Amino acid sequence: MTDPLDAYSEVVTTVAAALQPKVLTVLVRSRRGSATGSAVAFTDDGLLLTSAHVVEGVTGGGVVAADGEEAPFDVLGADRLSELAVLRTRPGLTSPAELGDADTLRVGQLVVAVGNPMGFAGSVTAGVVSALGRSLPVRTARGAHSIDDVIQTDAALNPGNSGGALADSTATVVGVNTAVAGVGLGLAVPVNSTTRRILAELISTGRVRRAWLGIGGITLAVPPALAERLGRRTGLHVTEVVPGSPAATAGIYLGDIVIAAGEHPVRRAQDLQRLMLGTAVDRPFPVTVYRRGALVDVVATLGELIA
């Protein structure tokens, strides 16, 4: 019979061996001083994925590979509203890691964090997915915004881990480590279809355009009769309407439950925020809300979300 600890160790050591060479140390110097972070190689031609705050305020810097080889990098694009950035360095420093799909993760699943905390290159910690669907607040020129679907893990993270890889047991990268929210509480931005769209825009244009509706909310169960009619049980309960926003102008009110937007179902805040990627601004945007026992249709003209 296999010792469970041996099986656990085998997974962690295998993931570490696969990913350590593919996670580079990022060196930056700005007005705030010198800092380090981590970045994950994800293409054969020198593109690296990291956290936006790692390269905030700089256009370039240096990276150090696992074998000690150094090379400069340029920032292709950074998006603080997703906490992601793409760097370009010299091809051939390392082979790329495989990007996976965090939407398949389950609470309790084993994950391994690889990064360069405190300047110690190639550090590895392991733990589990403690929770899914967490939110990471971000301030914007339009008011509060949140990065949704954030992964919570108890794998130990420290300063310098930001931009490093959070991987599953197959060494597939499912998250980009970004924050330490407390002892035993690390957060990672998920790698999924939305992430891929953001990376594609950063590579092609250097920025990410988002539409802006101007509401905040929480997931809330809808009345049973409506749930049966819709074939789903939740909607987005509006807890904030930004004054002067497209939502306010269109007539969306506190207490409304958004059940559809842009002709797509809305079950939670993440559904609405995903719709804002790639949706044209200054065009009619239909929204259906549940209000005082009735379905109400309104049409908003979306603005652009400015970081």
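Residues numbered from 1 in each chain as written. Predicted model: local features only at pLDDT ≥ 70, side-chain atom pairs only at ≥ 80, totals over all residues. Heavy atoms only, no water.

The name given to the chain in an unreviewed UniProt entry is Trypsin-like peptidase domain-containing protein, with the source organism recorded as Georgenia daeguensis.

### Points about the overall build of the chain
Regarding its fold elements, the chain presents five helices and 20 strands. Each of the three principal axes of the chain carries a C-alpha extent, and together these read 65 × 55 × 30 Å. For the chain, buried positions account for 50% of its 307 residues. Sequence separation of at least 24 residues holds for 60% of the intrachain contacts in the chain that already meet a minimum separation of 6. Looking at the chain, you have 25 positive and 28 negative side-chain charges, and the mean spots of the two groups are 9 Å apart. (Helix = DSSP H or I, 4+ residues; strand = E, 2+ residues; numbered from the N terminus. Buried < 20%, exposed > 50% of the residue type's maximum accessible area, 1.4 Å probe, protein only. Contact = heavy atoms within 4.5 Å. Lys, Arg positive; Asp, Glu negative; His and termini not counted. Charge placed at Lys NZ, Arg CZ, Asp CG, Glu CD.)

### Remarks on the sheet that holds strand S5 (residues 70-79)
The six strands lie next to each other as S1-S2-S3-S6-S5-S4, forming a closed barrel whose pairing is antiparallel. This sheet shows a mean twist of 40 degrees between the axes of neighbouring strands, independent of strand direction. Across six bridges, S5 lies against strand S6 (residues 84-89) in antiparallel orientation. Directly across from Val75, in S6, lies its bridge partner Leu87. Its contacts with the sheet put helix H2 (residues 193-205) on strand S3 (47-50), S5 and S6, and the angle it makes with S6 is roughly 50 degrees. (Pairing = 2+ DSSP bridges. Axes fitted to C-alpha atoms, helices over the stretch in contact; angles between N-to-C directions.)

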